Amino acid sequence: MQEAEFFTHIDRDELGAIARRIRRPTYVYFRRLISHQYRRVLETLPRGVTINYAIKANPYTPLLGELRKLGAGADVASAGEMRGALAAGFSPQDIEFSG
């Protein structure tokens, strides 16, 4: 995603306010942007295909929960990742173990 497109989803003032409030390096997740990008990818896939998110990429529980709500499955490669997926609310049938 190019900067210009990013700012069609996220208001510059909103991002600036977050930066002024936190005042240190941090990650900021925007649900609406995650949802947009998820749907964008899903639209390119054949009907009925499920996206399984690799927990290893980012095991942040609230992020995993958002992806689960969007319909994603979970791809795990360890017992710790499995615990993370379950803690985020993924049902066992929506978890793929590839370890």
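Model, not experiment: these values are computed from the prediction.

Parameters at a glance
- Residues numbered from 1 in each chain as written.
- Predicted model: local features only at pLDDT ≥ 70, side-chain atom pairs only at ≥ 80, totals over all residues.
- Heavy atoms only, no water.
- Phe/Tyr/Trp six-rings, centres within 6.5 Å; stacked < 30°, edge-to-face > 60°.
- Helix = DSSP H or I, 4+ residues; strand = E, 2+ residues; numbered from the N terminus.
- Pairing = 2+ DSSP bridges.
- Axes fitted to C-alpha atoms, helices over the stretch in contact; angles between N-to-C directions.
- Contact = heavy atoms within 4.5 Å.
- Buried < 20%, exposed > 50% of the residue type's maximum accessible area, 1.4 Å probe, protein only.
- Polar contact = N/O pair within 3.5 Å; in protein donor to acceptor, adjacent residues only side chain to side chain.
- Core = buried A, V, L, I, M, F, W, Y, C linked by side-chain atoms within 4.5 Å.
- Parallel < 35°, antiparallel > 145°, perpendicular 65-115°, else oblique.
- Left-handed = near helix turned anticlockwise from the far one by under 90°.

## Things to note about the packing of aromatic side chains
Alright, step 1. Counting across every chain of the model gives one aromatic pair.
Alright, step 2. When the centroid spacing of 5.5 Å and the interplanar angle of 20° are considered together, the rings of Y29 and Y60 count as stacked. Here Y29, found in the loop between α2 (12-22) and α3 (31-43), pairs with Y60, found in the loop between β1 (52-54) and α4 (61-70); they are 31 residues apart in sequence, far enough to count as distant.

## Digging into the sheet that holds β1
Alright, step 1. Spatially, three strands are ordered β1-β2-β3 in an open sheet, and the strand pairing comes out parallel. In the strand order of this sheet, the two ends are held by β1 and β3 (95-97), each with one partner. Averaged over all pairs of adjacent strands, the angle between strand axes in this sheet comes to 30°, irrespective of strand direction.
Alright, step 2. Across three bridges, the pairing between β1 and strand β2 (residues 73-76) is parallel. Across the sheet, the residue bridging to Y53 is A74, located in β2.
Alright, step 3. Helix-sheet contacts for helix α5 (residues 79-87) involve β2 and β3, and the interaxial angle to β2 is about 165°.

## Quick notes on the side chain of E81
Alright, step 1. Note on placement: E81 falls in helix α5.
Alright, step 2. The class for E81 is buried, based on a relative accessible area of 12%.
Alright, step 3. Of the polar contacts made by the side chain of E81, one reaches the backbone nitrogen of A77; its length is 2.7 Å.
Alright, step 4. Setting aside residues up to four positions removed in sequence, E81 forms contacts with I55, K56, D75 and V76.

## As for α4
Alright, step 1. Of the positions making up α4, those classed as buried are L63, L64, G65, E66 and L67.
Alright, step 2. Just past α4, the residue G71 takes up positive phi, approximately 110°.

## Section: the nonpolar core
Alright, step 1. Core analysis: the largest hydrophobic core is formed by eight residues, namely I55, L64, A74, V76, A85, A88, F90 and I95.
Alright, step 2. Each residue touching A85, except ones within four places of it in the same chain, is listed here: I55, A74, V76, F90 and I95.
Alright, step 3. Among the nonpolar cores identified, the runner-up in size contains six residues, and I34, Y38, I51 and L67 belong to it.

## Observations regarding the packing of α3 against α4
Alright, step 1. One can describe the packing of α3 onto α4 by two numbers: an axis separation of 11 Å at closest approach and a directional angle of 45°. The angle between the axes of α3 and α4 places the two elements in the oblique class. Of the two elements, α3 crosses α4, and the hand of that crossing is right-handed. Note on element contacts: α4 touches α3 through L63, E66, L67 and L70, opposite R31, I34, S35, Y38 and R39.

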